[in-house]
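# Examining the three-dimensional arrangement
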Amino acid sequence: MLEDKLKNSISLFKDNVHTELRASENRKRLVKLIGGNITSNIRTEESGVCARVYKNGLYGFSSVAEYNDEAIKKVLNKANENACFMSKHIDKNKPNLDLLNKGVYNTDIIIKEIEQKKYIEFLKELDNYIVTKYPLLKSRSLTMTEDSMEKLLYVSSGYNGHTAMPRSYIYITLITEAGDGTPVELTHIVGDFGIFTDNFKNPESLYKDIDKLYEMLMKKREGVHAKAGYQTVILGGDLSGMLAHEAVGHTVEADLVLGGSVAAHNLNKKIGSDLVNLVDFAHTALGKRAPLPVYVDDEGVKAEDTVIIENGVLKQYMNNRETAKHFGMCPRGNASAFKFSDEPLIRMRNTAFLPGKNTLDDLIASVEDGYYFTHTNNGQADTTSEFMFGVCMGYEIKKGKLGKAVLDTTISGVAFDMLKTVDMLSNNMNWLSAGFCGKKQPMPGGIGGPEMRCKLMIGGR
């Protein structure tokens, strides 16, 4: 755990400028087996200290890959010099940031180290189960990842904090062949917030996940191609979560709004049906811990939920302290940096559509001819909210009942139009938290949502 070497340096903060001083450590553990052979075995740590100073509408930033008294003093001096230099040559002449209430948040999470061989032994037991029970598979891979961000933060105005975000996952991939020899594969991800031993007690606990994945793979092996065109679709939670993050969430990040995203002209306007509600949760969602809880951001803002869409109306953007002042909104803790050498950017935390009142069975029974797409393997969107997502598992729906599995396909649309077609939502809430958002810096993020009935374009074969 990071030792607090920052506290005694608060006296070095300059008057009448906003100052942030942050130390951080990023850990990564990764082991990968392909066909039972170890192909990756990684164990890394990166740490250092940085300072950022706001003066006349401009930031000066400095970082060093060391963490001692000399390095702390060096980054503070350099950040102040950079802010003065920028202010001298660029005349923004903006007022100081609004002052925030002061407070402290200290995590009680302790990140325990685990020997690398423990990860390997765990995966090898899983691999032995797969190869023994399902010998006719063409290939298989198992990947264990564990990463964490630990930070110490002191600010001249706002919350000081000691935060930690560990998470750990196992990716299980099974591969077979269709009748024509085409490879068919599926991946299942298991894991959650916490270190490896928090989430994985023994290999046997994952046998049911492997059996279910194999069962789906065999259905997909006999699957058919989806029909191309504009059709009625039920999106599973994985896909509604991706829609929340990629196609809507990025468009309402205030830095991208200022860059001209579609959300710039739609504040307080209807962009979805009355059923559509979208929230970026800080640390608690629907009465439970959010997948990746954030209590204080890297600008010293106490984290609160950001309600983005309410009953189909776009209500607010996600902000840092500077853009919140620009738009007349409240900062809610959306500014985060990945490593010590990164400046905070506006980021999503746990972004999800809220569930509705229907059951999944209600949704399926309501579709005369359409599809239920359950799994995705990739996706992309732009600031117009136009998106295209890969679908790697799904089913036909015929006369209100599930039919054959479908092979890989794509779906696409414009989110700010497509959300107006949402006419049913399930009462389930599905979360994913294994991925990284790739907006300039990587950043862990939670995505979620219910099953969603809507209309969109299917790419077909």
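Reference entry: report on the structure contained in this document. (Residues numbered from 1 in each chain as written. Predicted model: local features only at pLDDT ≥ 70, side-chain atom pairs only at ≥ 80, totals over all residues. Heavy atoms only, no water.)

### Details of the overall build of the protein chain
Operational definition: Helix and strand labels come from DSSP, where a helix needs a run of H or I of at least four residues and a strand needs a run of E of at least two; each type is numbered from the N terminus. Using C-alpha atoms as the atom set, the radius of gyration is obtained and then compared with a globule rule of 2.2 Å times the number of residues to the power 0.38. For every residue, the accessible area obtained with a 1.4 Å probe (protein chains only) is divided by the maximum for its type, and the residue is called buried under 20%, exposed over 50%, and partly exposed between those limits. Contacts are residue-level and defined by heavy atoms, with any inter-residue pair within 4.5 Å sufficient.
Helix and strand content of the protein chain: nine helices and 28 strands. Its C-alpha atoms give the protein chain a radius of gyration of 24 Å, within 12% of the compact-globule value 23 Å for 461 residues. With the principal axes as the frame, the protein chain shows a C-alpha extent of 70 × 55 × 40 Å. Counting the 461 residues in the protein chain, one finds 54% classified as buried. Across the protein chain, the fraction of contacts at a sequence separation of at least 24, relative to all contacts at a separation of at least 6, is 75%.

### Some remarks on the side chain of S261
In this fold, S261 is placed in the loop between α6 (254-258) and β9 (278-281). Taking relative accessible area as the criterion, S261 reaches 0% and is therefore assigned buried.

### Some points on the sheet that holds strand β13 (residues 313-314)
What counts, and what does not: One bridge is not enough; two strands pair if DSSP finds at least two bridges between them. Lines are fitted to the C-alpha atoms to define the axes, a helix being fitted only along its stretch in contact, and any angle between axes, read from their N-to-C directions, falls within 0 to 180 degrees.
One open sheet holds the six strands; their spatial order is β13-β12-β9-β16-β27-β24, and the pairing between them is mixed. Of all strands in the sheet, those bounded by a partner on one side alone are β13 and β24 (430-432). In terms of strand pairing, strand β16 (residues 350-353) meets strand β27 (residues 446-449) through three bridges, oriented parallel. Note that in β27 the partner of N350 across the bridge is G446. Those strands touched by helix α5 (residues 237-249) are β9, β12 (306-310), β16, β24 and β27, and its axis lies near 120° from that of β27.

### Looking at a nonpolar patch on the surface
Here is the rule we go by: Within this analysis, patches are made of residues with over 30% relative accessible area and no salt bridge. Like charges are joined at 9 Å or less; nonpolar side chains (Val, Leu, Ile, Met, Phe, Trp, Tyr) at 5 Å or less. Using the Shrake-Rupley algorithm and a 1.4 Å probe, accessible areas are obtained, with residue cover drawn only from the displayed protein chains. By definition here, a salt bridge exists when the distance from a side-chain nitrogen of Lys or Arg to a carboxyl oxygen of Asp or Glu is within 4 Å.
Together, F85, M86 and I90 give the surface a local cluster of nonpolar side chains, amounting to about 270 Å² of exposed area. Residue position: F85 is located in helix α1 (residues 69-89). Owing to a relative accessible area of 52%, F85 belongs among the exposed residues under this scheme.

### Description of unusual backbone geometry
Even without glycine at this site, N16 takes up a positive phi of about 65°. You can call N16 exposed: its relative accessible area is 67%.

### Regarding the pairing of strand β2 (residues 37-55)
Where strand β1 (residues 18-34) meets β2, 17 bridges bridge the pair, whose relative direction is antiparallel. Among the inter-strand pairings, A23 is bridged to a residue of β2, identified as V49. Between β1 and β2, which follow one another and run antiparallel, lie two residues, and G35 among them has a positive phi close to 60°. The turn linking β2 back onto strand β3 (residues 58-64) is made up of two residues, and N56 within it adopts a positive phi angle of 55°.

### Observations regarding the side chain of N350
In this structure, N350 sits in strand β16. Excluding residues within four positions of it along the chain, N350 makes contact with V279, D280, F281, A282, A290, P291, L292, P293, W431 and G446.

### Topic: α5
What counts, and what does not: Fitting axes to the seven residues that end at a residue and to the seven that start at it, the angle between those axes gives the bend at that residue.
At L243, α5 shows its maximal bend, which comes to roughly 25°. With twelve of 13 residues buried, α5 lies mostly within the body of the structure.

### Here's the deal with the pattern of salt bridges
The full count for this structure, using the stated rule, is 27 salt bridges. For E253, the salt bridge goes to K439, with nearest N and O atoms at 3.1 Å. Of the two residues, E253 is situated in the loop between α5 and α6 and K439 in the loop between β25 (436-437) and β26 (443-444); the sequence distance between them amounts to 186 residues. Overall, K439 belongs to the buried group, its relative accessible area being 14%. A cluster of three or more residues bridged by salt bridges with shared partners is formed by R27, R29, R43, E45, E113 and E146.

### Comments concerning the environment of N77
For N77, the location among the structural elements is in helix α1. For N77, a relative accessible area of 42% puts it in the partly exposed group.

### What about the state of the cysteines?
Rule in force here: Note on terminology: disulfide denotes any pair of cysteine sulfur atoms within 2.5 Å.
Taken as a whole and assessed by the stated rule, the structure comprises zero disulfides. Cysteine C50 is unpaired, with the sulfur of C84 as its nearest cysteine sulfur at 18 Å. The class of C50 is buried, set by a relative accessible area of 3%. Looking at C437, it has no disulfide partner, and the nearest cysteine sulfur is the one in C50, 20 Å off. The class for C437 is buried, based on a relative accessible area of 11%.

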